[in-house]
Amino acid sequence: MKRIEAIIASEKVSAVNEALKKAGVGGATILDAKGRGKGEKPRVAGGRGTSAHLAEFSVRANVITVVDDGDVDKVVKAILDSASTGSAGDGKIFISSVGEAVDIGSKKRSQSGMV
């Protein structure tokens with residue numbers, strides 16, 4: 001099993017979620033996040049709107065899912081196709097191995113497929 005974690009622009013969450021559903025992903029966790037990187041920093045109005053400054057962090061979303069090894073390329077492609085604009089700051093995808101998963105409700109363990 002592989003854990004796929006994608007840091008994406010918040011406005012792309014709906015598109016990525018739909019792409020993951022079409023790719024057959026059964027579930028995902030989506031977290032609100034802040035971060036900094038190569039992308040353009042958002043402008044923030046101050047006080048009564050008379051001044052503006054660059055925010056230190058950009059608003060991002062962290063999309064996490066776990067899939068079988070054979071589905072990794074399909075899931076990564078779905079994320080890329082729905083989140084990429086070709087600009088710096090579009091985000092990153094991290095892929096890591098999952099040794100075991102435990103379903104809390106059924107208490108079943110799995111090492112080679114979803115529980």
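Residues numbered from 1 in each chain as written. Predicted model: local features only at pLDDT ≥ 70, side-chain atom pairs only at ≥ 80, totals over all residues. Heavy atoms only, no water.

### Overview of the overall build of the protein chain
- Secondary structure summary: the protein chain contains 2 helices and 8 strands in total.
- When the elements of the protein chain are put in sequence order from the N terminus, they spell out β-α-β-β-β-β-α-β-β-β.
- Out of the 115 residues in the protein chain, the part that is buried amounts to 30%.
- For the protein chain, the share of sequence-separated contacts (at least 6 apart) that also reach a separation of at least 24 residues comes to 68%.
- For the protein chain, the exposed area adds up to about 7800 Å²; of that, 50% sits on carbon and sulfur atoms. (Helix = DSSP H or I, 4+ residues; strand = E, 2+ residues; numbered from the N terminus. Buried < 20%, exposed > 50% of the residue type's maximum accessible area, 1.4 Å probe, protein only. Contact = heavy atoms within 4.5 Å. Areas by Shrake-Rupley, 256 points an atom, 1.4 Å probe, with all protein chains shown as cover.)

### Description of the pairing of strand S5 (residues 58-67)
- Extensive coverage of S5 is indicated by the burial of 8 of its 10 residues.
- In the sheet, strand S1 (residues 2-9) pairs with S5 via 8 bridges, with the strands oriented antiparallel. Residue Ile 8 lies in a different strand from S5, and its bridge partner there is Ala 61. (Pairing = 2+ DSSP bridges.)

What is shown is where atoms sit, not what they do.
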